[in-house]
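Single-letter residue listing:
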Amino acid sequence: MTKNLLVELGLEEIPAYIVTPAMNQLRDRMANFLTDNRLAFESIDVFSTPRRLAVRVCGLAEEQTDLTEDFKGPAKKIALDADGNFTKAAEGFVRGKGLTTADIEFREIKGEEYVYVTKHEQGKPAKEVLAGIPEVLKSMTFPVSMNWASNTFSYIRPVHTLTVLLGDEALEMDFLDISSGRISRGHRFLGKETEIVSADSYEADLRAQFVITDPAERQNMIVKQIKTIEDKHNVTVEIDQNLLTEVLNLVEYPTAFMGSFDAKYLEVPEEVLVTSMKNHQRYFVVRDKAGRLLPNFISVRNGNDQYIDNVIKGNEKVLVARLEDGEFFWREDQKLQIADLVERLKAVTFHEKIGSLYEHMVRTATISSCLADQAGLSEEEKTALARAAAIYKFDLLTGMVGEFDELQGIMGEKYALLAGETPAVAVAIREHYLPNSAEGDLPQTKVGAVLALADKLDTILSFFSVGLIPSGSNDPYALRRATQGVVRILEAFGWNIAIDELIERLYALEHDSLVYAHQLEVLDFFRARVEKMMDKDIPKDIVNAVLNSSHFVVSDMLEVAHILAEKAKTPDFKPAVESLARVFNLAEKAEEGVDVDSALFENAQEKDLAERIEQIVAVTDLRAIIDQLFALQPVIDAFFDHTMVMVEDIAVKNNRLALLAALTNKAQEIAQFNQINTK
């Protein structure tokens with residue numbers, strides 16, 4: 001017979017961004033604990049609010065499954081002495097397994113006998129195993145933690161209650177000086193402490209105390225309440241999923257309501273209003289059916305609808321204070337001059353080891369100019385790029401960005417347009433921050449994309465040059481994100497810019513403010529980002545072979561990896577790769593500077609291989625190149641069948657090695673084929 005197990009940890013309010021990951025972590029750790037301890041179960045339900053993390057294990061077995069294990073010991077000749085008695089080696093072996101020499105049997109393996117013992121372990125009752133639950137709770141990790149009272153153990157927040165019920169039976173255990181029972185806490189203001197009758201009554205018992213323990217249920221309540229407001233007022237509410245998740249992790253009993261603000265604030269740029277509502281107040285934005293912003297907002301109260309009018313007035317008052325700030329900065333910033341702000345950037349530190357923001361901009365402008373031709377920019381676009389690169393950080397010194405740092409770049413675009421800059425320049429100022437996350441939006445204009453590339457490239461090279469290189473998971477300056485941004489932009493725009501050649505050119509540039517260093521480390525860093533972009537189902541050896549190719553063009557590398565992964569499923573893949581790998585291995589012995597001389601060919605197979613290599617050189621389509629390389633398999637095999645490469649005649653030997661090197665050089669643009677595993 002099975003039972004359901006409830007484990008609830010009651011805490012002080014957990015930061016909203018931690019609630020869901022912590023809930024899922026508890027589920028996973030509990031599942032691993034039960035599996036490791038051979039306690040079978042059917043499923044695990046998860047619950048969370050700002051003040052609790054809980055799981056309900058459904059269909060938990062009454063006891064562990066029995067365990068039978070065989071252990072191999074020393075050989076018989078070691079286990080027995082000359083008189084046939086067990087040696088200390090044999091006695092020590094069985095003692096370590098909790099058995100005696102009477103349990104020993106001998107089994108023959110490949111003609112020799114060995115000691116074997118079989119250990120049977122009777123399954124323990126579930127309640128005995130579940131005594132380890134406090135260790136499961138202690139094993140949880142969090143991005144932030146704290147100590148409280150006299151505890152030396154750090155945890156996400158102070159613990160108040162521990163509820164552990166097996167069916168309707170409360171199990172006794174201690175965690176951080178808290179004794180378990182069946183008591184849980186209701187809503188901080190509307191509820192009270194209550195007894196949980198059983199694992200199955202958990203949700204109902206706490207709902208009576210104004211706590212909705214199921215986050216999915218709370219989310220549905222919020223969405224339905226917002227939809228009701230939409231229908232009542234004929235409006236549209238933007239339900240941003242990230243904001244919704246944050247809000248539901250801030251409340252235990254949600255009640256959505258609509259507030260308003262003076263329509264005069266709609267004269268302030270929409271981005272300022274939306275940022276004030278969503279990012280600072282966690283309000284949902286309200287629009288009319290045509291998509292125009294309305295002077296309203298939706299918020300979610302942690303409680304019921306009693307005295308809701310007072311709650312609405314309080315929220316309106318707080319929001320108006322933020323909007324007043326936005327309106328003030330919008331008005332005052334328009335009095336500033338871009339040239340003056342750029343000049344002031346000379347006194348703003350980019351990093352104490354690197355220099356000022358102005359110096360960063362100057363280096364970025366140089367890199368932008370270097371990239372312009374390769375990106376195929378027109379003369380008009382080059383002019384816009386040069387202007388944008390000269391001023392693009394000016395908005396960091398505006399009052400609006402100082403107050404709302406999420407608007408950097410966005411306000412730069414708006415202020416640039418007000419100052420008479422061209423749309424191309426203004427858009428590039430906004431787009432140079434993109435992508436601002438691993439999967440964030442990319443620039444849409446070529447000018448913005450090149451400026452984004454240049455800004456990120458100088459950031460990466462500058463920090464690497466002064467030794468601030470990410471290690472492990474430590475990346476305080478988000479250099480991995482910047483590198484990923486460079487790689488994604490190059491791939492999205494289809495710019496065939498080889499990263500190794502690009503980095504080589506950038507390191508050759510001269511800057512008055514900084515000398516770039518650690519070039520090899522930068523290249524390895526980029527390879528790691530390209531690897532992250534490759535699909536997870538591409539075999540690791542193919543990924544490595546492509547990453548170590550001589551052709552470091554991101555879009556080409558991604559395409560090659562896909563093509564090779566497809567071909568790996570075909571019957572001609574193994575023989576073709578093995579033939580190419582043989583060429584690669586021998587070509588390593590070729591001397592540099594030796595050209596292929598057809599006059600030194602001694603058989604038709606050499607001539608045939610040389611002609612086929614020339615045909616490959618003339619092809620630019622990647623799939624066609626790979627197809628031709630694979631089609632060379634019988635030609636390569638015929639060459640080796642009829643040709644001894646390492647002959648005594650030095651000239652002939654070097655000529656044959658040069659021929660193989662010529663093929664290797666072309667094939668190496670695709671992948672390092674001798675790194676692909678065909679076994």
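Notes on the structure in this doc start here. (Residues numbered from 1 in each chain as written. Predicted model: local features only at pLDDT ≥ 70, side-chain atom pairs only at ≥ 80, totals over all residues. Heavy atoms only, no water.)

## Some words on the overall build of the protein
- The secondary structure content of the protein amounts to 27 helices and 18 strands.
- In terms of C-alpha radius of gyration, the protein reaches 34 Å, well past the compact-globule figure of 26 Å for 679 residues.
- Each of the three principal axes of the protein carries a C-alpha extent, and together these read 100 × 100 × 45 Å.
- A buried classification covers 50% of the 679 residues belonging to the protein. (Helix = DSSP H or I, 4+ residues; strand = E, 2+ residues; numbered from the N terminus. Rg over C-alpha atoms; globule rule 2.2 N^0.38 Å. Buried < 20%, exposed > 50% of the residue type's maximum accessible area, 1.4 Å probe, protein only.)

## Observations regarding helix H1 (residues 16-36)
- Compared with the 30 Å implied by 1.5 Å per residue over 21 residues, the 31 Å span of H1 between its first and last C-alpha is a close match.
- Turning to H1, its buried residues number three or more, namely Ala16, Ile18, Val19, Ala22, Met23, Gln25, Leu26, Met30, Ala31, Phe33 and Leu34.
- Looking one or two residues past H1, Arg38 carries a phi angle of roughly 60°, positive in sign. (Expected span 1.5 Å × (residues − 1).)

## Topic: unusual backbone geometry
- The amide bond that connects Leu434 to the next residue, Pro435, takes the cis arrangement and shows omega of -10°.
- Relative to the assigned elements, Pro435 resides in the loop between helix H16 (423-431) and helix H17 (446-465).
- Phi angles above zero are rare outside glycine, and Arg38 is one such case at about 60°.
- When you line up the elements, Arg38 lands in the loop between H1 and strand S2 (43-49).
- In this structure, Tyr307 is a non-glycine residue whose phi angle is positive, near 55°.
- Mapped onto the fold, Tyr307 is located in the loop between strand S16 (293-302) and helix H10 (308-333).

## Considering the sheet that holds S16
- Read from one edge of the open sheet, 4 strands run S13-S15-S16-S14, paired in antiparallel fashion. Each of the sheet's edge strands pairs with one partner strand only, and the pair in question is strand S13 (236-237) and strand S14 (254-260).
- As paired elements, S13 and strand S15 (residues 284-287) share 2 bridges and run antiparallel to each other. Note on S15: the bridge partner recorded for Thr236 is Arg287. (Pairing = 2+ DSSP bridges.)

## Observations concerning the pattern of salt bridges
- Scanning the entire structure with this criterion turns up 42 salt bridges.
- The partner of Lys76 in a salt bridge is Glu113, and the shortest N-O contact between them spans 3.2 Å. Residue Lys76 is found in helix H2 (residues 76-79), and its partner Glu113 is found in strand S6 (residues 112-121); the two are separated by 37 residues along the sequence.
- Among the ionic contacts, a cluster of salt bridges with common partners joins Glu8, Arg51, Arg52 and Glu252. (Salt bridge = Lys/Arg side-chain N within 4 Å of Asp/Glu carboxyl O.)

## Looking at the pairing of strand S3 (residues 52-60)
- Across the 9 residues of S3, 9 count as buried, placing the element largely inside the fold.
- Bridging between strand S1 (residues 3-11) and S3 involves 7 bridges; their strand directions are antiparallel. Each bridged residue has a counterpart across the sheet, and for Gly10 the counterpart in S3 is Arg52.
- Inspection of the sheet shows S2 paired to S3 by 7 bridges, in the antiparallel sense. Paired with Ser48 across the bridge in S3 is Leu53.
- Linking two consecutive strands that pair antiparallel, namely S2 and S3, is a turn of 2 residues.

## Thoughts on the packing of aromatic side chains
- In total, this model carries 17 aromatic pairs according to the counting rule given.
- Look at Phe328 and Phe329: their rings are 5.5 Å apart centre to centre, the planes differ by 65°, and that puts the pair in the edge-to-face class.
- Accessibility expressed as a relative area gives 39% for Phe328, which makes it partly exposed.
- For Phe329, a relative accessible area of 18% corresponds to the buried category.
- Their ring planes at 45° and their centres at 5.9 Å tell us that Phe573 and Phe630 sit as a pair that is tilted. Placement of the pair is Phe573 in helix H23 (residues 573-587) and Phe630 in helix H25 (residues 622-631), with a sequence separation of 57 residues. (Phe/Tyr/Trp six-rings, centres within 6.5 Å; stacked < 30°, edge-to-face > 60°.)

## Remarks on the sheet that holds strand S4 (residues 67-75)
- Read across the open sheet, the 3 strands follow the order S4-S6-S5; overall the sheet is antiparallel. Each of the sheet's edge strands pairs with one partner strand only, and the pair in question is S4 and strand S5 (105-109). Strand after strand, the sheet turns through a mean of 40° between neighbouring axes, direction not considered.
- Packed onto the sheet, helix H3 (residues 88-96) meets S4 and S6 and runs at close to 160° relative to S4. (Axes fitted to C-alpha atoms, helices over the stretch in contact; angles between N-to-C directions. Contact = heavy atoms within 4.5 Å.)

## As for the pairing of S15
- A two-sided burial pattern is seen for S15, the buried positions comprising Phe284 and Val286 on one face and Val285 and Arg287 on the other.
- Connecting S15 to the antiparallel partner S16 that follows it, the hairpin turn spans 5 residues, and Gly291 within it adopts a positive phi of roughly 95°.

## Side note on the nonpolar core
- The biggest cluster of nonpolar side chains holds 133 residues, and the ones touching the most others in it are Ile503, Phe526, Met534, Leu609, Leu629 and Phe673.
- No other element matches the 12 residues that H17 contributes to this core.
- For Leu609, the contacting residues outside a window of four places in its chain are Leu632, Val635, Ile636, Phe639, Leu659, Leu660 and Leu663.
- In this structure, Leu26, Ile133, Leu137 and Tyr155 belong to the second largest nonpolar core, which totals 40 residues. (Core = buried A, V, L, I, M, F, W, Y, C linked by side-chain atoms within 4.5 Å.)

## A few points about the side chain of Asn654
- Mapped onto the fold, Asn654 is located in helix H27 (residues 650-667).
- When residues no more than four places from it in sequence are discounted, the contact partners of Asn654 are Glu591 and Val594.

## Description of helix H26 (residues 633-642)
- Restricting attention to buried positions, one finds in H26 the residues Val635, Ile636, Phe639 and Phe640. The buried residues of H26 all sit within an arc of 130° when viewed along its axis, so they share a single face. In H26, the exposed positions that point more than 90 degrees away from the buried face belong to Asp641 and His642. (Arc of directions from axis to C-beta.)

## Brief notes about the side chain of Asp455
- Assignment of secondary structure puts Asp455 in helix H17.
- In this structure the side chain of Asp455 is engaged in a polar contact, spanning 2.8 Å, whose partner is the side chain of His360.
- Sequence-distant contacts of Asp455, that is, excluding residues within four places in its chain, are made with His360, Thr364, Tyr392, Lys393 and His432. (Polar contact = N/O pair within 3.5 Å; in protein donor to acceptor, adjacent residues only side chain to side chain.)

## Thoughts on the environment of Glu324
- Relative to the helices and strands, Glu324 is located in helix H10.
- The partly exposed category is assigned to Glu324, whose relative accessible area is 34%.
- Taking the C-alpha atoms as reference, Glu324 lies 8.1 Å from Tyr265; in sequence the two are 59 residues apart.
- For Glu324, the residues in contact, after removing those within four places along its chain, are Lys264 and Tyr265.

## Details of the environment of Val300
- Here Val300 shows up in strand S16.
- Residues Val300 and Ala102 lie 198 residues apart in sequence; the distance between their C-alpha atoms is 71 Å.
- Non-local contacts of Val300, meaning those with residues more than four positions away in its chain, are made with Ile222, Val247, Val251, Pro254, Thr255, Ala256, Phe257 and Phe284.

## Considering the packing of H23 against H27
- Across the interface, H23 lies against H27 with an axial gap of 8 Å and an inter-helix angle of 120°. Comparing the axis directions of H23 and H27 gives the class oblique. The crossing of H23 and H27 is left-handed. Of H27, the residues touching H23 (which contributes Val583, Phe584, Leu586 and Ala587) are Leu657, Leu660, Ala661, Leu663, Thr664 and Ala667.
- Of the residues that constitute the contact of H23 with H27, the class distribution is 9 nonpolar, 1 polar and no charged. (Parallel < 35°, antiparallel > 145°, perpendicular 65-115°, else oblique. Left-handed = near helix turned anticlockwise from the far one by under 90°. Nonpolar A, V, L, I, M, F, W, Y, C, P; charged D, E, K, R; others polar.)

Any link to function would need more than the numbers given here.
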